[in-house]
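# Inside the fold
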Amino acid sequence: MVDGVPGPISRLVEELSKLPTIGPKTAGRLAFFPLKAPARQVDQLAEALQSLRSEIVECSVCFNFSDGDPCRFCTDHGGEGSTACVVEDPLDVLAVERSAGFRGRYHVLHGAISPLEGVGPDDLKIDDLLERVKDGGVAEVIVATNATFEGDATALEIARVLEETGVRLTRLARGLATGGDIEYADPTTLSQALEGRREF
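### Comments concerning the nonpolar core
Formed by 17 residues in total, the largest nonpolar core has its most connected members in L129, V133, V141, I158 and L162. Core analysis: the second largest hydrophobic core is formed by 14 residues, C59, C85, V96 and V108 among them.

Here it is as structure tokens:
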């Protein structure tokens with residue numbers, strides 16, 4: 001028990017604090033919520049959390065999280081599978097899907113190269129991507145890693161690994177956001193927008 005808080009609540013606060021973007025105050029609010037919520041709502045939350053571990057698998061083709069293997073993106077986009085969009089995390093797949101601008105397949109790396117965090121190329125699904133390309137059927141690889149130092153390092157490693165395969169390798173364009181004012185753009189974004197300019 002810490003500061004007069006019962007043990008079970010303290011344990012829940014501690015576990016919730018380990019979640020991304022959840023600080024101690026938010027964890028405390030979340031921990032007290034089930035005590036005031038209807039029992040059925042708490043039971044449904046517990047069931048949903050348990051089903052994550054028991055029903056979700058990693059797709060053996062693209063390594064996205066799914067409730068079936070292969071995942072629906074690999075089966076639904078089967079006819080358009082000559083292009084593979086490489087992303088860092090499963091949430092990135094959902095973001096690309098929401099854009100409705102891509103109808104190919106995916107490849108989820110499950111992270112990005114980050115020496116400070118001890119994540120190297122061997123910790124990612126880069127070798128699996130190479131095998132997919134070598135097996136044939138992939139004519140283009142779109143590298144859609146984040147616009148960060150880690151994302152750029154990962155993109156360079158992918159380019160190095162795939163260099164000898166002859167596959168077409170492209171990278172997401174960077175630049176100004178739609179509706180944004182040039183005067184508010186940071187120098188890096190503006191530089192990338194100029195470099196990525198195209199005919200119209």
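Structure's up, so let's keep going.
### Thoughts on the pairing of strand β3 (residues 83-87)
Regular strands show a simple pattern: their side chains alternate between the two faces of the sheet. Most of β3 is tucked away: five of the five residues are buried. Along β3, one buried face is formed by T83, C85 and V87 and the opposite face, lined by A84 and V86, is buried too. Looking at chain direction, β3 and strand β5 (residues 140-143) are connected through four bridges and run parallel. When the sheet's bridge partners are listed, V86 is paired in β5 with V143. Relative to strand β4 (residues 105-108), β3 is paired through four bridges, and the arrangement is parallel. When the sheet's bridge partners are listed, A84 is paired in β4 with R105. Between the parallel elements β3 and β4, the chain passes through helix α5 (residues 90-99) in a crossover that is right-handed.

### Some details on a nonpolar patch on the surface
Together, L45, L49, L52, I56 and F65 give the surface a local cluster of nonpolar side chains, amounting to about 480 Å² of exposed area. With three residues, the top contributor of residues to the nonpolar patch is helix α3 (residues 39-55). Relative to the helices and strands, L45 resides in helix α3. When its relative accessible area of 47% is taken as the criterion, L45 is described as partly exposed.

### A short note on helix α7 (residues 149-162)
For α7, built from 14 residues, the straight-helix expectation of 20 Å at 1.5 Å per residue is met to within 8% by its first-to-last C-alpha distance of 20 Å. Among the residues of α7, G151, T154, A155, E157, I158, V161 and L162 are the ones counted as buried. The arc that holds the buried residues of α7, viewed along the axis, is 165 degrees, so those residues lie on one side. Every exposed residue of α7 that faces more than 90 degrees away from the buried side is listed here: F149, L156 and R160. Where α7 is buried, its residues touch β3, α6 (126-134), β5 and β6 (168-171).

### A word on the environment of K134
Residue placement: K134 occurs in helix α6. On the basis of relative accessibility, which here comes to 55%, the residue K134 falls in the exposed class. C-alpha separation for the pair K134 and S51, spaced 83 residues apart in sequence, amounts to 35 Å.

### Examining the packing of aromatic side chains
Tallied over the full model, the rule gives two aromatic pairs. With 5.6 Å between their ring centres and 70 degrees between their planes, F73 and Y106 make a pair best called edge-to-face. Here the residue F73 occupies a position in helix α4 (residues 72-76), and Y106 occupies one in strand β4, the gap between them amounting to 33 residues. On the numbers, 5.3 Å between centres and 70 degrees between planes, the contact of F102 with Y106 is edge-to-face. A relative accessible area of 11% means that F102 is categorised as buried. Overall, Y106 belongs to the buried group, its relative accessible area being 1%.

### Digging into the packing of helix α1 (residues 7-16) against helix α2 (residues 24-36)
Axis separation between α1 and α2 bottoms out at 8 Å; the angle between their running directions is 130 degrees. On the basis of the axis angle, α1 is oblique to α2. The element α1 and its partner α2 pack so that their crossing is right-handed. On the side of α1, the interface is formed by I9, L12, V13 and L16, while α2 contributes P24, A27, G28, L30, A31, F32 and L35. Among the residues making up the contact of α1 with α2, the classes are represented as ten nonpolar, one polar and no charged.

### Describing the pattern of salt bridges
For the structure shown, the criterion picks out seven salt bridges. Notably, a salt bridge pairs E58 with K125, separated by 3.6 Å at the nearest N-O pair. Separated by 67 residues along the polypeptide, E58 in strand β1 (residues 57-58) and K125 in the loop between β4 and α6 bring together distant segments of the chain. On the accessibility criterion, E58 (36% relative accessible area) is partly exposed. Residues R168 and E140 are paired through a salt bridge, measuring 3.3 Å at the closest nitrogen-oxygen approach. Placement of the pair is R168 in strand β6 and E140 in strand β5, with a sequence separation of 28 residues.

Cut-offs and rules
- Residues numbered from 1 in each chain as written.
- Predicted model: local features only at pLDDT ≥ 70, side-chain atom pairs only at ≥ 80, totals over all residues.
- Heavy atoms only, no water.
- Core = buried A, V, L, I, M, F, W, Y, C linked by side-chain atoms within 4.5 Å.
- Buried < 20%, exposed > 50% of the residue type's maximum accessible area, 1.4 Å probe, protein only.
- Helix = DSSP H or I, 4+ residues; strand = E, 2+ residues; numbered from the N terminus.
- Pairing = 2+ DSSP bridges.
- Right-handed = clockwise from strand over helix to strand, strands pointing away.
- Patch = residues over 30% accessible without salt bridge, like charges linked within 9 Å, V, L, I, M, F, W, Y side chains within 5 Å.
- Areas by Shrake-Rupley, 256 points an atom, 1.4 Å probe, with all protein chains shown as cover.
- Salt bridge = Lys/Arg side-chain N within 4 Å of Asp/Glu carboxyl O.
- Expected span 1.5 Å × (residues − 1).
- Arc of directions from axis to C-beta.
- Contact = heavy atoms within 4.5 Å.
- Phe/Tyr/Trp six-rings, centres within 6.5 Å; stacked < 30°, edge-to-face > 60°.
- Axes fitted to C-alpha atoms, helices over the stretch in contact; angles between N-to-C directions.
- Parallel < 35°, antiparallel > 145°, perpendicular 65-115°, else oblique.
- Left-handed = near helix turned anticlockwise from the far one by under 90°.
- Nonpolar A, V, L, I, M, F, W, Y, C, P; charged D, E, K, R; others polar.

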